[in-house]
Amino acid sequence: MGSSTAQAIGRPIGKVRMKQVNGEKLLASLGDGVKDIRGRITPDAPMDRVTWFRAGGLAELMFQPHDVDDLIAFLKILPEEVPLTVVGVGSNILVRDGGIPGVVLRLSAKGFGFVELAGENRILAGAICPDKHVAAMAMDNGIGGFHFFYGIPGGIGGAARMNAGANGVETRERLIEVNAVDRKGNKHVLSNAEMGYSYRLSKAPADLIFTSVLFEGYPEDRAQIRAEMDAVRNHRETVQPVREKTGGSTFKNPPGHSAWKLIDEAGCRGLVIGGAQMSSLHCNFMINMGQATGYDLEYLGEQVRREVFEKDGIKLEWEIKRLGVFMPGREVRPFQGVTSE
Ligand SMILES: Cc1cc2nc3c(=O)[nH]c(=O)nc-3n(C[C@H](O)[C@H](O)[C@H](O)COP(=O)(O)OP(=O)(O)OC[C@H]3O[C@@H](n4cnc5c(N)ncnc54)[C@H](O)[C@@H]3O)c2cc1C
């Protein structure tokens, strides 16, 4: 490799027909308790309708709770051994083609999509509320410090988990506390310090489901906020493939480096594997060109890690969360940083 032109390598895979998993069986195993659940339960739910990549296998069972009480009621009847995976609006996840075993929890907009004022310069937002709605509410009320949310396409729970950031601001800088429920259905309130934040990372226990987040900004002139939000939007439209099927930044920026620069220097801008491509516009964004599978996308990502390591000796770390299991025969071996591999 090493040239900066787009290249196609690997085996094109084409669309893979997903097999039915055991959702009905899992649902039946939950017993009569499900009759009291008010949210929607869907066996064998296609995750390619959830992820921004529009790729990936089936969730064995998808649960969309009506509200916090309904979520807790469901967790109380869910046997401990059943895996539970939380997703937000799916803008930073890659689901593997073998699907996600157990339950995928997707908060409903009805119960968790709210955003409201909660005191001076404070905003309380449900965990599936789009980040940009928080930015808009802040602007309407002259609360500064949230313009960066205007350009991030995720929901507030995802922002709290990923410490989403843009334009030099991170979620942790505005976050006061997070309301959450654990795997057993117990409620918790975590302070900013308890969220254990660093770059694109929270060390809050992995089993916590965030239900809402309290933020605080500062007084700012509305026209000024509007101008900042417009600048965020205009900038993104020119430098990111915002209308593509993508998952945002694929890799974290290694300390002292920009991931996109390393990818570019390694000749991976525009690199294609199957139906997946490193965007020519922003080469740290992977895109689904139409028929990409989870396999194509993950294989491409690992190939880029290999190329960057061989060029610069730096191991890129995935920012995108990869969820679920491989389809048998289509496993992607993670690049370990051994060039002779
Ligand atoms: C075009 C584009 C541009 C992007 N630009 C940026 C950017 O500038 N900055 C940035 O930081 N990110 C960016 N992203 C990535 C993404 O939007 C953010 O990471 C976002 O915060 C993810 O939120 P989500 O709701 O989509 O979460 P998902 O992608 O669904 O999930 C991401 C992670 O959060 C966890 N999670 C989600 N909801 C909850 C919850 N309620 N409780 C507990 N855990 C939860 C999931 O388990 C998963 O581990 C971009 C993505 C795209 C597609």
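No experiment lies behind these values; they were computed from the predicted model shown. (Residues numbered from 1 in each chain as written. Predicted model: local features only at pLDDT ≥ 70, side-chain atom pairs only at ≥ 80, totals over all residues. Heavy atoms only, no water.)

## Quick word on the sheet that holds strand E19 (residues 276-278)
Read across the sheet, four strands follow the order E17-E20-E19-E18 without closing on themselves; strand pairing throughout is antiparallel. Lying at the two open borders of the sheet, with one neighbouring strand each, are strand E17 (245-249) and strand E18 (272-273). Taken strand by strand, helix H8 (residues 294-312) contacts E18, E19 and strand E20 (285-288), and its axis lies near 30 degrees from that of E19. (Pairing = 2+ DSSP bridges. Helix = DSSP H or I, 4+ residues; strand = E, 2+ residues; numbered from the N terminus. Contact = heavy atoms within 4.5 Å. Axes fitted to C-alpha atoms, helices over the stretch in contact; angles between N-to-C directions.)

## Looking at the pairing of strand E5 (residues 100-106)
The buried fraction of E5 is high, at five of seven residues. As judged from the four bridges shared by strand E2 (residues 58-64) and E5, these two strands associate in the parallel manner. Bridging across to E5, Met 62 finds its partner in Val 104. In this sheet, E5 lies alongside strand E3 (residues 84-87) in parallel orientation, the contact comprising four bridges. Each bridged residue has a counterpart across the sheet, and for Val 86 the counterpart in E5 is Leu 105. (Buried < 20%, exposed > 50% of the residue type's maximum accessible area, 1.4 Å probe, protein only.)

## So, unusual backbone geometry
With phi around 50 degrees, Asp 44 is a residue other than glycine that occupies positive phi space. Locating Asp 44 in the fold gives a position in strand E1 (residues 40-46). Under the relative-accessibility criterion, Asp 44 is labelled buried at 11%. For Asn 121, which is not glycine, the phi dihedral falls at a positive 60 degrees. Structurally, the position occupied by Asn 121 is in the loop between strand E6 (115-117) and strand E7 (122-126).

## Thoughts on the pattern of salt bridges
Once the charged atoms of two side chains with opposite charge are near each other, the side chains can pair. As enumerated under the stated definition, the model contains 15 salt bridges in all. Among the charged side chains, a salt-bridge network with shared partners connects Arg 96, Glu 298, Glu 302, Arg 305 and Arg 322. (Salt bridge = Lys/Arg side-chain N within 4 Å of Asp/Glu carboxyl O.)

## Topic: the domain arrangement of the protein chain
When cut into domains, the protein chain gives domain 1 (8-13 + 244-323), domain 2 (23-110) and domain 3 (114-226). Computed over C-alpha atoms only, the centres of domain 1 and domain 2 are separated by 28 Å. Counting from both sides, the interface comprises 19 residues of domain 1 and, opposite them, 15 residues of domain 2. Together domain 1 and domain 2 conceal approximately 1400 Å² of surface at their shared face, both sides included; 57% is due to carbon and sulfur atoms. The tally of links between domain 1 and domain 2 comes to one salt bridge. Measuring nitrogen to oxygen at the nearest pair gives 2.7 Å for the salt bridge that ties Glu 298 to Arg 96. Viewed at the interface, domain 2 and domain 1 are joined by nine residue pairs in polar contact (both at pLDDT 80 or more). Those elements that provide at least two residues to the side of domain 1 that touches domain 2 are E17, E20, H8 and strand E21 (321-323). Ranked by the residues each element gives to the side of domain 1 that touches domain 2, the list is headed by E17, at five residues. (Domains from an automatic or database assignment. Buried area = accessible area lost by both parts, 1.4 Å probe. Polar contact = N/O pair within 3.5 Å; in protein donor to acceptor, adjacent residues only side chain to side chain.)

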